[in-house]
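Each chain is listed here by its residues.
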Amino acid sequence: MLYRSFYFLACQLLGGVIGWHFLGRHLGHDRGALVGLALSSVVWLAIDLIRAGRVLRWLRVGDVREAPQMHGVWGEATDRMRRLLRQSEQVSTDFERQLREFLAAIQASPNGVVLLNPTGHIEWCNQVAAEHFGLDLERDVHQQIGNLVRDPAFAAGYARAVPGARILMLGRTSTASRPVRLAVQMHPYGDGHRLLLSHDVTALEQAEAMRRDFVANVSHEIRTPLTVLSGFVETLQNFPLEEAERRRYLDHMAQQADRMQSLVQDLLTLSRIEGSPMPGSSDWISLRKLYAECTHEAQALSALLTAGKGKSHMLHFGPVPEGEISGVSSELQSAMSNLVGNAVRYTPAPGRIDVEWQTQADGRLAFSVQDTGPGIAAEHIPRITERFYRVDTSRSRETGGTGLGLAIVKHVLQRHGAELRIESTLGQGSRFAILFPANRLRLATSKEKAVLA
Ligand code: ADP
């Protein structure tokens, strides 16, 4: 400011001197100096106004890069304003970046998030919420949420507006065959704003329903033999029985106890294989050994089921390829025996059961069990690997089935990267096949086979 005052005074002085010198001859020196002073003030003011105008024009646009280059007080003012503008630009860039990151984080959330203003209009929502509620991210912003989400459970919960209360409703993409269940919660924030959180609980509810069904099924499976057992115990305790009758009752009791034991055994197997990691590929088991065990069990089961009936199954076991498979021996054994066992149990004698091995073009090895039993209707096939799902309940129980056999097979095969294929024609028979993956097999080449032979 000191320089500015100095320049102003110097300009006035110069104007005065010029006026005194050039105009003095015509107007007299005093007047000439005064006019020179006045003219220099006008010129000073005009220059000042032009410079102020340049600064104002720049400020109107506010682009830091376009700042006018000036000296003096306007130059300094421009510099300071430029610095302030740059700072505020930096602040707003940082703020925008933070906001973008924050919104990206909410976008990445597996939960739906909707921000509502105090009148219930949508201010922002993420993609998940848009899918949950069927909202259009562009079209529906600033719309009343109550007008867009018409589910009655949501409408009732939204009207009650209890902070944090869980509203259970159907998602927009829900269909009868593929229900989508949502849990929605509302939380107030700021000045009357509300945060709406939605969470897909379909899998959770299904798991909970499965757990309930499982407990109910296990209780039912245990209660039945237990009731029979306690009935026999009561009879034995209260009635004098003939030796033959007593023996018959004890046989029945042993049968029921066996049934409970098989059930517990199968439950333990299931829980063990469900929770354990995939078996490594360092343990190699001979296919021949697995197969021998399996054929032996099938023959024993067939003999047991057909004893005294005068008819027996026609069991045919095809040749096993020379080689090894990697995995858990007991699990693979149980999967194969389950399939052959089921064929024996569900095929009335003298039905035929064919067990074959076949190498596939893609390197996999198929183990198939074909029977001439009752077959399975197409609608049951997708469900028979579910726990306790039975097509023929009485045959299953009569022959010692627990309803868990194929569920165990499914899990064992999943763990070993194998596939289960089921083909069946009602009244004609069924074919169950396991396709073992090539990466778990070590099959002997023809040269090796010749040496082994
Ligand atoms: P279960 O112990 O009852 O045999 P599984 O899980 O092994 O239980 O089998 C499920 C159901 O699939 C059986 O109850 C039976 O109805 C049907 N099933 C399995 N294998 C055969 C088969 N070879 N022929 C006909 N039905 C079968």
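What you are looking at is a predicted structure, and each value in this text was computed from that prediction instead of being measured. (Residues numbered from 1 in each chain as written. Predicted model: local features only at pLDDT ≥ 70, side-chain atom pairs only at ≥ 80, totals over all residues. Heavy atoms only, no water.)

K.L.:
I would appreciate a short explanation of the site of the ligand in the present structure.
P.N.:
Around the ligand there are 20 residues in total, and N342, Y346, S396, G403 and L406 lie nearest to it. Separating an oxygen atom of the ligand from a backbone N or O atom of G403 is a distance of 2.8 Å. Contacts to the ligand include G405, whose backbone N or O atom sits 3.4 Å from an oxygen atom. When contributions to the shell around the ligand are tallied by element, the ones reaching two or more residues are α10 (329-346), α12 (405-415) and β12 (429-436). Ranked by residue count, the leading element in the shell around the ligand is α10, at four residues. Here the residues of the shell around the ligand sort into nine nonpolar, seven polar and four charged. (Near = heavy atom within 4 Å. Polar contact = N/O pair within 3.5 Å; in protein donor to acceptor, adjacent residues only side chain to side chain. Helix = DSSP H or I, 4+ residues; strand = E, 2+ residues; numbered from the N terminus. Nonpolar A, V, L, I, M, F, W, Y, C, P; charged D, E, K, R; others polar.)

K.L.:
Could you clarify how one ought to interpret the pattern of salt bridges in this entry?
P.N.:
When the charged atoms of two side chains with opposite charge come close together, those side chains can pair. Overall, the coordinates contain 22 salt bridges when judged by the stated rule. Between E208 and R211 there is a salt bridge; the shortest N-O distance is 2.9 Å. Of this pair, E208 and R211 are both found in helix α7 (residues 202-238), three residues apart, which corresponds to roughly one turn of the helix. Taking the relative accessible area as the measure of exposure, E208 reaches 32% and is therefore partly exposed. (Salt bridge = Lys/Arg side-chain N within 4 Å of Asp/Glu carboxyl O. Buried < 20%, exposed > 50% of the residue type's maximum accessible area, 1.4 Å probe, protein only.)

K.L.:
When you look at the sheet that holds strand β5 (residues 193-200) in this model, what are you seeing that I'm missing?
P.N.:
What links the strands of a sheet is backbone hydrogen bonding, and the strands pair in either a parallel or an antiparallel sense. Pairing in this open sheet of five strands is antiparallel, and the strands run β2-β1-β5-β4-β3 from one edge to the other. Strands with a single pairing partner mark the edges of an open sheet, and in this sheet they are β2 (122-125) and β3 (167-170). Geometrically, the sheet is characterised by an average inter-axis angle of 25° between neighbouring strands, direction not taken into account. Here strand β4 (residues 181-189) runs beside β5; their pairing, made up of eight bridges, is antiparallel. Bridge pairing in β5 places Y189 opposite H193. Across the sheet, helix α6 (residues 152-160) is in contact with β1 (112-116), β3, β4 and β5; its angle to β3 comes to roughly 155°. (Pairing = 2+ DSSP bridges. Axes fitted to C-alpha atoms, helices over the stretch in contact; angles between N-to-C directions. Contact = heavy atoms within 4.5 Å.)

K.L.:
What am I meant to see in the nonpolar core here?
P.N.:
Looking at soluble globular proteins, one finds that nonpolar side chains tend to be buried together. Residues I325, M336, W357, F367, V369, I434 and F436 are the most contacted members of the largest nonpolar core, which totals 45 residues. When residues of this core are traced back to their parent elements, those giving at least two are α8 (243-275), α9 (287-306), α10, β9 (352-359), β10 (365-371), α12 and β12. Take this core: its biggest share by element is seven residues, from α10. Residue contributions to this core reach at least three from each of two domains, namely domain 3 (205-275) and domain 4 (280-452). Setting aside residues no more than four positions away along its own chain, W357 makes contact with L287, Y291, G318, P319, V320, P321, M336, L365, A366, F367 and F436. I122, F133, I167 and V180 belong to the second-largest nonpolar core, a separate cluster that totals 20 residues. (Core = buried A, V, L, I, M, F, W, Y, C linked by side-chain atoms within 4.5 Å. Domains from an automatic or database assignment.)

K.L.:
Help me understand the sheet that holds strand β8 (residues 323-326), please; the structure alone is not making it clear to me.
P.N.:
One open sheet holds the three strands; their spatial order is β6-β8-β13, and the pairing between them is antiparallel. Two strands bound the open sheet, and with one partner strand each, they are β6 (284-286) and β13 (441-443). For this sheet the average axis-to-axis angle between neighbouring strands, irrespective of direction, equals 25°. Sheet contacts for α9: β6, β8 and β13; angle to β6, the most-contacted strand, approximately 55°.

K.L.:
When you look at the packing of aromatic side chains in this model, what are you seeing that I'm missing?
P.N.:
Two measures describe an aromatic ring pair: the distance that separates the ring centres and the angle between the ring planes. As enumerated under the stated definition, the model contains 11 aromatic pairs in all. A ring pair is formed by Y291 and W357, whose centres lie 5.4 Å apart and whose planes are at 85°; its orientation type is edge-to-face. Linking Y291 in helix α9 with W357 in strand β9, this pair joins segments that are 66 residues apart in sequence. Among the residues examined, W357 registers a relative accessible area of 9% and is labelled buried. For the pair W357 and F436, a centre-to-centre distance of 6.5 Å together with 20° between the ring planes defines the contact as stacked. In this pair, W357 sits in strand β9 while F436 sits in strand β12, placing the two residues 79 residues apart along the sequence. Taken together, the aromatic side chains of Y291, F317, W357, F367 and F436 make up a single cluster linked through ring pairs. Seen from the ring of F214, R387 lies directly overhead, with NZ or CZ sitting 4.6 Å from the centre. (Phe/Tyr/Trp six-rings, centres within 6.5 Å; stacked < 30°, edge-to-face > 60°. Lys NZ or Arg CZ within 6 Å of the ring centre and 35° of its normal.)

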